[in-house]
Each structure stands twice: as structure tokens, then as C-alpha cells.
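# Inside the fold
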Amino acid sequence: MFRYLLAKEFKQFKRNEFLPRLVVMFPIMTMLIMPWVATLDIKNINVSVVDEDNTVTSRRLIEKIGSTQYFEIKERAITYGEALESMRFGDSDLIVNIPYCFEKDIVTGQGSNVFIAANAVNGTKGSMGSGYISQILESFSREILPEPASKNSDAVNISVISKYNPTLDYKKFMIPALMSIVVLMICGFLPALNIVSEKEIGTIEQINATPVKKWQFILAKLLPYWIIGLFVLSICFLISWIVYGFFPAGNFITLYTVTLAFIFAMSGLGILISNFSQTMQQAMLVMFFFMLVFNLMSGLFTPVSSMPEWAQWIAAFIPPKYFIEAMRGIYQMGVGFRDLIPQFIILLCFGFCFNLLAIVTYRKRS
Amino acid sequence: MMEYAIDVNNLTKKFGNFTAVDNISFNVKRGEIFGFLGANGAGKTTAMRILCGLSFPTSGKGTVAGYDIATQSENIKKSIGYMSQKFSLYDDLKVWENIRLFAGIYGVPEKEIEPRTEELLKTLDFTSERNSLVSKLPLGWKQKLAFSVAIFHNPCIVFLDEPTGGVDPETRRQFWEMIYEASDRGITVFVTTHYMDEAEYCDRVSIMVDGKIEALDTPLNLKNKFRVNSMEEVFYLLARKATRNE
């Protein structure tokens, strides 16, 4: 009985005008576009300079700031007030105020103060910007200071090595996570929408009037999407390798095994949503809600460990959190299956709970 | 063997304060064509859904094909065919694929499906449409096909919920010929309809008004009892009493 249902699902999928294109185009577009735009690297910070000193040294400093890819000198204001005005209108993000007698104070060895004001409406941009500027100022002062002093300040040498992502490329951080989202959308939400559409058309009633068992109907809906999910993941691997030259450090068997556990969990959640939705609209709205929570709380963009404690507790119940952890671990650090057993088991547990609930709440009778 | 294909006692279905089916009792003999009539909203579809195991009764007892409607609904589903009001085949599957799907679901042996499909298509004069998508067929053809699919596995009883709604008179006549053929094969037919000429074709009919069965007899006896010439008039006399609005 089951194979007839399965054959039906595959035929319907193949004949659908939209779905086969979606499962090919969705991962391709996501992988080609999102790694470039979903970045927390701060670039092109607009700087307004108030140069009260107007000497060779102060101009050298301004030139140094403008020569990096992070800053763009947007304006040379006469007064600080004028610069503030331009920040208020959003024309500049950062004000660098070089005081009068800047050069003289440095040459005479007194030291000088450069004043920086950052627009912190976007907190990250503000703090990263002023951080970069401080670094530039520090290296600038090292360049122009007399020898003995610079030796002094270099008493402690700090050297940083970036492990696992030596070029500090934000794309490498995002790609494994984006793959998780692609798999989530395709395996979690498509089968659910498929079931709700059968409710809307009315064919589900015909099936409910037959001796088809609940688990048979649900499994027949899910199995095709599990296979499609693995296919889509493979497309993502290929793109990440060809376009970004980014190859998983860990092995593929581990990757696919953990992915299967994740697919199992998310498709169960999808079916659960479909059981409580009468129309596609309703199902979509509930999914939007889940998607929002998943995107913002799973550690996709911001680390879960920097969230408040109560939020971390909520995040602990979000399956994509574990999958994104595992994906990043495998992709960037080459973590082996043994170290991912906790994530794997948690995902399986979610899977069993969701699917069990889905079967229990699926009603053949009202 | 059980005497009745369907045997219902004091069946009631409530949705909150609304009593859709109000304490109905009736039985359907094996091999009978039973017409289940009533105005829109009289509770026909609700009652039928309970009999098919799609809905729980609020109270009352009943058996379908010898199985209890409250506790053995999955057994009932193996012994019945069901053709719902909404179109019940898959639009995006071909004619033969629909037949194969439902035959498979009802456990028709694999090697029988293929030859019996060909046979069915030949009797329906459908062989040329074997590979057409169901969505491309005219409504009348769809309904005939849906009925054939519903009885493909030789069920004990077939439930038809307004099978001829929106179908032209010629196709309706052909449809009733198919119903008679099924009945000759020993399949009990339980059919709801709005067409009173169709009511005349039934062995016995019941007429539901506001959730209750107001009359149940052969069409001939009903006409004699109400001293009228057609089932249409019988229906008007009874349906006029209805107080429930849709």
C-alpha cells in the first residue's frame, strides 16, 4: 500500500510546475547571493574630519585613515558642530577631531589627544569603527614617535593567529549556516505545505476514508523531501566549493548523517504545523513565525553564548541551533562524528518528539 | 452474514450547541440502493461522514458492514468505497495512475490491477483517455471515473455524496446505469442527491429535515402516503417544515 502512495508523491512532485524549479533555484540563489550580503564585516564607514591643526602631520593622519578600505573621508568640516550636523543627517558615521597644536604637541613630546565621536545607532558599526580608528591612531603614533618611546610602548608584543578561518573571512562563517537554512526551508516547510494543499483541495478526505494508516500517509509525504533535502545540500556543497573554494574540513559521511537527523526533526515539525492549519495562509504565517525565531535565535548571525541567559534557554529548544553548530564544526574545524554525538542525539530526540506528536495529532476523523 | 449493510440507532452529532444530526435511526439492506435525501444543511453529509468513519458520533450506536462506527472505523474503511462531494480524484495524476493508486491503497493484488484497469477503461469507453491528466477531463467523465474507482475494489457498500451535482442529464442517466450495475454486483449503494427524479430510481429513500429523518420508505409508498404523484412533491411537503437556515 505504501509504495503506491510514495509513487503518487513522486509523480505529483515531478508534475508540479513550481516545486522542481524551486528546489534547484533556491539553494543556488541563496549560496550565490547570501554569503556576500549576510556579513558583519564593517566597511565604508563615512568619516567627517575636523582638522583644527591643519599641518603636515594632521594631514598625514587623515590620509592614513582614508587609505584603508574601512573608511571613506566624506567631509572636511570646519567646526565640530558642523560635523555633528552632518552626522545627524546620516551623512557621516564617525567624527575625527584633530585638535589645534596637534603637530606641535607631538613634536615637543607632550602627546596629544584626538577626539573621536561615533554614531552608535548601529552599535556594531559604531564600536567597530572607533575600534579600527584607534588601531590606526596607535600605529600612526608609533610611526611618528621618537625611537625610545616607541620601544617603550612595545614592551609587550601581542601576536594573534586566527585559527580555523585564517583570513577572517565572514563568508566562511555564514556558508555552513546558510546551508542549514536551505535544508530547513525545503525539508521542514515544503512537505507541510503539500499536506495543507491536499486539505484545501479536499483530496485528503478521500484518503482519510480509505484504510491508509496515518504513519503511511505522513511517511509517504516526507520521504521524497528527505531525498530532495540531501540533493539540495549537495548542490550547496558544490557551489561553496566551486564559487568560494570552500571545502568541508570534516568528512562527508558525518555531514550527511547529522543532516539526516536534522531533516528528520524539521520535517516532523512541519507536519505538526500542517496538522493544526486548515489553509496554506495559516500554515505560512505560523512558519514565518518559526523562521524568524530560528533565524535570530539559532546562532545564525549572532552567537547564542552572548544572548541573555533566558534567551539561551529558549535557544536550547531550537533544533537549527544544534545543526548550525555541527555544520560549522564540520565545515570549518573538521570536527569528527564522535564530537558531534551530543548534537546528533539531541536532533534525533527532537525528531522523535515532533514526529510522534505529528502522528498522534493527525486526525483521520473529526 | 449480517442482515443489514448499515444499521443505525439514535445517532446524534452536535457541534457545540448546534445539533447537525438529531437522533436518527434507520437501516439499509444488503444490495439495496438507498437514497439519502434532504435540503442543504439538513445534516446529510454529516451523517454520511460518521458512517464512513470520517467523523465521531456524539451519541448513538451503529454498524456499517457489521463493524461498529464508534470503535471499528478502520475496519469499516476497508469494506467501503467513498466518493465525496468535492471532487475526489487527484487532478495532477493520469487516469490510470488514479485507478492504480486507489486500487493499491485498498489492497487489490498488484497483478490484477493492470488487466482490470484496461477492462474498466474499455467498459467506460475511456481507453483513449488512459494517459490524460484527470484535470483535463470534463466533469461528467471525472464523476464516472471517480465512481468506478470507488467500487474498483468491490466494497461491501459504496457511499456517494451528491455524485451527479452539476452533471448534464445524459451523463446522469449513464451514471445511474453504473449504479444499477454496481447494485447487481451485490454492492450496497448509499447515495445523497438533490435531484428528485433520481430519488425515484432508489429502492428506498429517507428524507432528512433539520437533522431528523422525517420519512423513510420506498418512493411508491411515500407518494401514496402523501397522495402526490412525484417524489418532488413529497420533498416539498416535508422540506417546507424546515426551520433551520443554512
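Predicted model only: the values in this text are computed from it and were never measured. Once a new chain begins, its residue numbering starts again from 1 and follows that chain's sequence as written. Naming scheme: in the order in which they are written, chains are lettered from A and ligands are numbered from 1. Where local features are concerned, this predicted model is filtered to residues with pLDDT of at least 70; where side-chain atom pairs are given and counted, the filter is 80 or more; whole-chain, interface and lining totals use all residues. The side-chain values count all of the structure's non-hydrogen atoms but skip hydrogen atoms and water molecules.

### Thoughts on the overall build of chain A
Within chain A, the regular secondary structure consists of 15 helices and 4 strands. When we talk radius of gyration, it's over C-alpha atoms, and the globule rule is simply 2.2 Å times the number of residues to the 0.38. Compactness check: chain A gives a C-alpha radius of gyration of 28 Å against a globular reference of 21 Å for 366 residues, more than 25% above the reference. When its C-alpha atoms are laid out on the principal axes, chain A stretches across 95 × 45 × 40 Å. For the exposure calls, accessible area comes from a 1.4 Å probe over protein chains only, and a residue counts as buried if that area is under 20% of its type's maximum, exposed if over 50%, partly exposed in between. In chain A, which comprises 366 residues, the proportion classed as buried is 47%. Between two residues, a contact is recorded if the distance between any of their heavy atoms is within 4.5 Å. Within chain A, counting contacts between residues at least 6 apart in sequence, those at least 24 apart form 79% of the total. In this description, accessible areas are obtained by the Shrake-Rupley approach with a 1.4 Å probe, and a residue is regarded as covered only by the protein chains that are shown. Surface exposure of chain A reaches about 18700 Å², of which carbon and sulfur atoms provide 65%. Runs of H or I in DSSP of at least four residues are treated as helices and runs of E of at least two as strands, each being numbered from the N terminus.

### Side note on the nonpolar core
With 133 residues, the main nonpolar core has Met179(A), Leu145(B), Phe147(B), Leu160(B) and Met231(B) as its most contacted residues. In terms of residue count, the dominant contributor to this core is helix H8 (residues 170–201) of chain A (18 residues). Look past the residues within four positions of Leu145(B) in its chain and what remains in contact with it is Leu89(B), Val95(B), Ile99(B), Leu124(B), Phe126(B), Val134(B) and Leu137(B). As used in this record, nonpolar core signifies buried Ala, Val, Leu, Ile, Met, Phe, Trp, Tyr and Cys residues forming a set joined through side-chain atoms within 4.5 Å.

### Thoughts on helix H9 (residues 231–239) of chain B
All names here are of chain B. Along H9, the positions that sit buried rather than exposed are Met231, Val234, Phe235 and Leu238. Within H9, the buried residues cover an arc of 100° as seen down the axis, which keeps them to one side. Contact partners of the buried residues in H9: strand S3 (33–38), helix H7 (196–199), strand S9 (204–209), strand S10 (212–217) and helix H8 (219–226). Our arc is simply the arc of the directions from the helix axis toward the C-beta atoms.

### Digging into the domain arrangement of chain A
Start and end points for every domain follow an automatic or database-based domain assignment. Under the domain assignment used here, chain A contains domain 1 (2–38 + 166–361) and domain 2 (45–153). Here domain 1 of chain A and domain 2 of chain A have C-alpha centroids that lie 48 Å from each other.

### Topic: the pattern of salt bridges
In the sections that follow, a salt bridge refers to a side-chain nitrogen of Lys or Arg positioned within 4 Å of a carboxyl oxygen of Asp or Glu. Using the criterion set out here, one finds 25 salt bridges over all chains in the structure. Notably, a salt bridge pairs Lys11(A) with Glu97(B), separated by 3.8 Å at the nearest N-O pair. Note that Lys11(A) is positioned in helix H1 (residues 2–15) and Glu97(B) in helix H3 (residues 95–105), a pairing that runs across two chains. Owing to a relative accessible area of 19%, Lys11(A) belongs among the buried residues under this scheme. By relative accessible area, which is 4% here, Glu97(B) ends up buried. Linking Lys142(B) and Asp91(B) is a salt bridge whose minimum nitrogen-to-oxygen distance equals 4.0 Å. Within this pair, whereas Lys142(B) is found in helix H5 (residues 139–150), its partner Asp91(B) is found in the loop between strand S6 (80–83) and H3, the two being separated by 51 residues in sequence.

### Thoughts on helix H4 (residues 80–88) of chain A
All names here are of chain A. For H4, the full list of buried residues reads Ala83, Ser86 and Met87. Down the axis, H4 shows its buried residues gathered within 105° of arc, on one side only. Residues of H4 that are buried in the fold lie against strand S1 (45–51), strand S2 (71–77), strand S3 (94–98) and strand S4 (115–118). Positive backbone phi, approximately 80°, marks Gly90, located one or two places after H4.

### Focus on the pairing of S1(A)
Residue and element names in this part refer to chain A. The buried fraction of S1 is high, at 7 of 7 residues. A two-sided burial pattern is seen for S1, the buried positions comprising Ile45, Val47, Val49 and Asp51 on one face and Asn46, Ser48 and Val50 on the other. Where S1 meets S2, 6 bridges bridge the pair, whose relative direction is parallel. Residue Asn46 lies in a different strand from S2, and its bridge partner there is Glu72. Note on pairing: DSSP must find at least two bridges between two strands before they are called paired. With 5 bridges connecting them, S1 and S3 associate as parallel partners. Counterpart to Val49 in the pairing with S3 is Val96.

### Regarding the sheet that holds strand S5 (residues 67–68) of chain B
All names here are of chain B. On the basis of which strands lie adjacent, the open sheet formed by 4 strands has the order S2-S1-S4-S5 and antiparallel pairing. Looking at the sheet topology across the chains shown, the edges are occupied by strand S2 (18–29) and S5. Note: strand S1 (residues 4–15) against strand S4 (residues 59–64), 5 bridges, orientation antiparallel. Paired with Val8 across the two strands is Gly62, which belongs to S4. Axis definition: a line fitted to C-alpha atoms, over the contacting stretch in the case of helices. Angles run 0 to 180 degrees between N-to-C directions. Helix H1 (residues 44–51) contacts S1, S2 and S4 of the sheet and is inclined by roughly 120° relative to S1.

### Overview of the interface of chain A and chain B
Across the contact, 25 residues belong to chain A and 35 residues belong to chain B. Throughout, buried area stands for the accessible area (probe radius 1.4 Å) lost by two parts on being put together, summed over both. Between chain A and chain B, a total of about 2700 Å² is buried, with carbon and sulfur atoms accounting for 53% of that surface. It is Tyr4(A), Gln206(A) and Arg365(A) in chain A that bury the most area against chain B; as a group they hold 29% of the surface buried on that side. Taking the shortest distance from any N to any O, the salt bridge between Arg49(B) and Glu205(A) comes out at 2.3 Å.

### Side note on the sheet that holds S10(B)
Residues and elements named next belong to chain B. Pairing is mixed across the open sheet formed by 6 strands, whose spatial order is S6-S7-S8-S3-S9-S10. In the strand order of this sheet, the two ends are held by S6 and S10, each with one partner. Each strand axis lies, on average, 15° off the axis of its neighbour in the sheet, ignoring direction. Pairing between S9 and S10: 5 bridges, direction antiparallel. Residue pairing in the sheet places Val209 in a bridge with Lys212 of S10. The sheet contacts of H9 involve S3, S9 and S10, and relative to S9 the element is tilted by about 25°.

### As for unusual backbone geometry
A positive phi is found at Asn54(A), a non-glycine position, where the angle reads about 50°. Assignment of secondary structure puts Asn54(A) in the loop between S1 and helix H3 (56–67). Here the phi dihedral of Asn10(B) falls at roughly 50°; this positive angle occurs in a residue that is not glycine. Take Asn10(B): it is sitting in strand S1.

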